Amino acid sequence: MASDLFVDLDRSSPVPLYFQVARQIEQAIEHGKLPPGSRLDNEIHLADQLGLSRPTMRRAIQQLVDKGLLVRKRGVGTQVVHGQVTRPVELTSLHDDLAQSGQHPTTQVLLHEMDGADDEVAGSLAISPGTPVLHLRRLRMSGGEPLAVLENWLPAPYTDLTVEALTERGMYQLLRSRGVGMRVARQRIGARRGSGEECSLLDERRGSPLLTMERTTHDDSGRVVEFGRHVYRASRYAFEVTLVDR
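Quick caveat: nothing in here was measured; it's all calculated off a predicted structure. (Residues numbered from 1 in each chain as written. Predicted model: local features only at pLDDT ≥ 70, side-chain atom pairs only at ≥ 80, totals over all residues. Heavy atoms only, no water.)

Concerning the pairing of strand β6 (residues 132-142)
In plain terms, the rule: Categorising residues by exposure relies on relative accessible area from a 1.4 Å probe, with only protein chains included: less than 20% of the type maximum marks a residue as buried, more than 50% marks it as exposed, and the intermediate range marks it as partly exposed. Runs of H or I in DSSP of at least four residues are treated as helices and runs of E of at least two as strands, each being numbered from the N terminus. Criterion used throughout: strands pair if DSSP finds at least two bridges between them.
For β6, a buried count of ten out of eleven residues is recorded, marking the element as mostly surrounded by other parts of the structure. Bridge count for strand β5 (residues 105-116) against β6 is eleven bridges, and the pairing is antiparallel. Following the sheet pairing, Pro105 is matched in β6 by Ser142. If you look at the hairpin formed by β6 and strand β7 (residues 145-154), you'll find two residues sitting between the two strands, and Gly143 has a positive phi there, around 60 degrees.

Okay, structure coming up:
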């Protein structure tokens with residue numbers, strides 16, 4: 001029971017108290033102070049402990065439930081589910097980002113076959129329709145939990161990447177080991193309801209919202225290296241962007 005949860009409230013701040021509470025609990029989850037499975041005191045006790053009204057405390061907890069960080073279980077109380085993976089929008093791979101943040105990514109290769117590029121894939125890879133490409137579909141997991149379904153198409157000379165290599169290492173790692181310098185990418189981020197297959201693979205309820213990303217990556221010489229279409233669990237994943245006023 002996380003009865004020693006410390007929350008520092010600034011009652012003179014214009015930031016609502018419920019938001020301050022929710023944000024600090026979220027940070028405690030992200031930093032491992034509240035690991036998965038931790039139980040929180042009931043809302044009445046927390047409200048009394050922090051000197052808050054019960055509706056304020058209830059709203060803070062509900063915000064974290066809505067974000068997928070906490071879950072209410074009858075007979076058990078409120079528990080930490082897991083931390084959300086926050087990924088900066090940079091020219092890196094999901095595998096790299098997870099590894100650098102101290103997590104342990106694993107990969108299951110769902111599809112590995114040679115295809116003739118259709119019009120969309122050919123246009124993205126700047127090749128002629130029907131040209132042979134390596135078609136990949138992988139399930140990326142973190143801490144044993146599914147996180148994303150990654151679909152990619154690679155042109156020659158990268159069509160010889162093996163299932164074994166892709167299971168053990170990230171695709172960008174394998175490309176860099178061949179001397180490929182990923183230089184620039186065109187990327188589109190969106191959201192949609194997941195298909196039945198996607199939700200099943202990602203352990204989400206049918207029709208759950210998923211984050212989507214399409215990316216076309218170019219190397220140092222301007223040649224297209226890969227085209228990808230990925231879907232991510234919205235309950236476990238977020239993109240982070242830094243904006244600068246020029």
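Considerations on helix α1 (residues 17-30)
Since the α-helix turns once every 3.6 residues, residues separated by three or four places project in the same direction. Worth spelling out the cut-off: An expected span of 1.5 Å times one less than the residue number is assigned to each helix. It only takes one pair of heavy atoms within 4.5 Å for two residues to be counted as in contact.
Over its 14 residues, α1 extends 20 Å from the first C-alpha to the last, a length consistent with the 20 Å expected when each residue adds 1.5 Å. Looking only at α1, the buried set comprises Tyr18, Gln20, Val21, Ala22, Ile25, Glu26, Ala28 and Ile29. Each element contacted by the buried residues of α1 is listed here: α2 (43-50), α3 (54-66), β2 (70-73) and β3 (77-80). Remark: Gly32 follows α1 within two positions and exhibits a positive phi of approximately 85 degrees.

Here's the deal with α3
A rise of 1.5 Å per residue sets the reference length of α3, with its 13 residues, at 18 Å; its end C-alpha atoms lie 18 Å apart and thus fit the reference within 8%. Residues of α3 that are buried in the fold lie against α1, β1 (39-40), α2, β2 and β3.

Quick word on the packing of α1 against α3
Under the convention used in this document: Axes here mean lines fitted to C-alpha atoms, for a helix over just the part in contact, with angles spanning 0 to 180 degrees between N-to-C directions. When an angle is under 35 degrees it counts as roughly parallel; over 145 it counts as roughly antiparallel; between 65 and 115 it counts as roughly perpendicular; any other value is oblique. The hand of a helix crossing depends on one turn: near helix anticlockwise from the far one by less than a right angle means left-handed, and clockwise means right-handed. Residue polarity follows a fixed list, in which Ala, Val, Leu, Ile, Met, Phe, Trp, Tyr, Cys and Pro are nonpolar, Asp, Glu, Lys and Arg are charged, and the others, Gly among them, are polar.
Closest axis-to-axis distance for the α1/α3 pair is 8 Å, and the angle between their directions is 45 degrees. Relative to α3, α1 is oriented oblique. Seen along the crossing, α1 lies across α3 with a hand that is right-handed. Counted together, Leu17, Tyr18, Phe19, Val21, Ala22, Ile25 and Glu26 of α1 and Thr56, Met57, Arg59, Ala60, Ile61, Gln63 and Leu64 of α3 form the full contact between these two elements. Partitioning the contact of α1 with α3 into residue classes produces ten nonpolar, two polar and two charged.

Side note on the sheet that holds β3
Read across the sheet, three strands follow the order β1-β3-β2 without closing on themselves; strand pairing throughout is antiparallel. The sheet is open, and its two borders are formed by β1 and β2, each paired with just one other strand. In the sheet, β1 pairs with β3 via two bridges, with the strands oriented antiparallel. The partner of Leu40 across the bridge, within β3, is Thr78.

These values are about where atoms sit, not about what they do.
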